[in-house]
Amino acid sequence: MIDYGIAECIALDHKNKEIADQYFSAIQGDEADRYFVHVRRGDYVYWPNRESPAVLPLGWSRAQMNRIRGRNTNAQFIVVSDDKPYVDEFFSNEKDVVIACSDMIGDFSVMTKCLGGGVLSASSLSWWASYFIRRDNPDALFIAPRYWAGSRNKKWFPECICTSWINYEDAF
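In this report, we go over the structure that sits alongside the text. (Residues numbered from 1 in each chain as written. Predicted model: local features only at pLDDT ≥ 70, side-chain atom pairs only at ≥ 80, totals over all residues. Heavy atoms only, no water.)

## Quick word on the pattern of salt bridges
And step 1. Under the defined criterion, the tally for this structure stands at eight salt bridges.
And step 2. The salt bridge involving Asp43 is made with Arg40; its shortest N-O contact spans 2.8 Å.
And step 3. By relative accessible area, which is 40% here, Asp43 ends up partly exposed.
And step 4. In this structure, the salt-bridge partner of Glu169 is Arg67, at a minimum N-O distance of 2.8 Å. Here Glu169 is found in strand S6 (residues 167-169), whereas its partner Arg67 is found in helix H2 (residues 58-71), with 102 residues between them in sequence.
And step 5. By relative accessible area, Glu169 is classed as partly exposed at 26%.
And step 6. Residue classification places Arg67 among the partly exposed positions, given a relative accessible area of 29%.
And step 7. A single network of salt bridges, built from pairs that share partners, joins Arg62, Arg69, Glu94 and Asp96. (Salt bridge = Lys/Arg side-chain N within 4 Å of Asp/Glu carboxyl O. Buried < 20%, exposed > 50% of the residue type's maximum accessible area, 1.4 Å probe, protein only. Helix = DSSP H or I, 4+ residues; strand = E, 2+ residues; numbered from the N terminus.)

## Details of the sheet that holds strand S1 (residues 34-39)
And step 1. Reading across the sheet, the six strands line up as S3-S2-S1-S4-S5-S6 and stay open at both edges, with parallel pairing between neighbours. One side of each edge strand has no neighbouring strand; the edge strands of this open sheet are strand S3 (97-99) and S6. Between one strand and the next, the sheet's axes are offset by a mean angle of 25°, whatever the strand orientation.
And step 2. Across the sheet, H2 touches S1, strand S2 (76-81), S3, strand S4 (117-119), strand S5 (141-145) and S6, and the angle it forms with S5 is around 160°.
And step 3. The sheet contacts of helix H4 (residues 104-112) involve S1 and S2, and relative to S2 the element is tilted by about 160°. (Pairing = 2+ DSSP bridges. Axes fitted to C-alpha atoms, helices over the stretch in contact; angles between N-to-C directions. Contact = heavy atoms within 4.5 Å.)

## Side note on the environment of Val87
And step 1. The residue Val87 is located in helix H3 (residues 84-91) in this model.
And step 2. The sequence separation of Val87 and Tyr44 amounts to 43 residues, and the corresponding C-alpha distance is 15 Å.
And step 3. Contacts of Val87, omitting those with residues within four sequence positions, involve Val39, Val79, Ser81, Ser92, Ile99 and Cys101.

## A word on the side chain of Asp33
And step 1. Inspection of the secondary structure puts Asp33 in the loop between helix H1 (14-24) and S1.
And step 2. With no salt bridge to any partner, buried Asp33 finds its closest opposite charge in Arg34, at an N-O distance of 8.3 Å.
And step 3. Within polar-contact distance, the side chain of Asp33 engages the side chain of Asn72 at 2.9 Å.
And step 4. Apart from residues lying up to four places away in sequence, Asp33 is in contact with Asn72, Asn74, Ala75 and Gln76. (Lys, Arg positive; Asp, Glu negative; His and termini not counted. Polar contact = N/O pair within 3.5 Å; in protein donor to acceptor, adjacent residues only side chain to side chain.)

Okay, structure coming up:
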């Protein structure tokens, strides 16, 4: 069971808030029009196993971005990832996308400032960023892969990760 009370003790330091603000200087518009897209690769290319890794197909992230664009024509996306060359190749030419790859805390800081919501990878980092965004905007839209890290097998992994405030969409 998750102790949500611990979230009240967590705060970002000034340095990481400034790092996040640097990426947002290139974006016009309201904070509620900002959405993060978390593309986790790294160990997810092989985890939980090589036959059924948790890494998501890029087309899934793009489909969720298009879904958000359909709901909010002013949407702006901040792509964060542990694989900057990968996301640069696929997202750098999109006019409503800024790529913001930093260290883990920097990426978390960026995600928490996207008050519109986000497209999650099957990652606790993006889950917790979503949790913090909801404190400021309970109406934020969050989309995650159905079955979380078990998307390829269509079985929830871990079993207890499903929450009522995240929209789950099939990745495969």
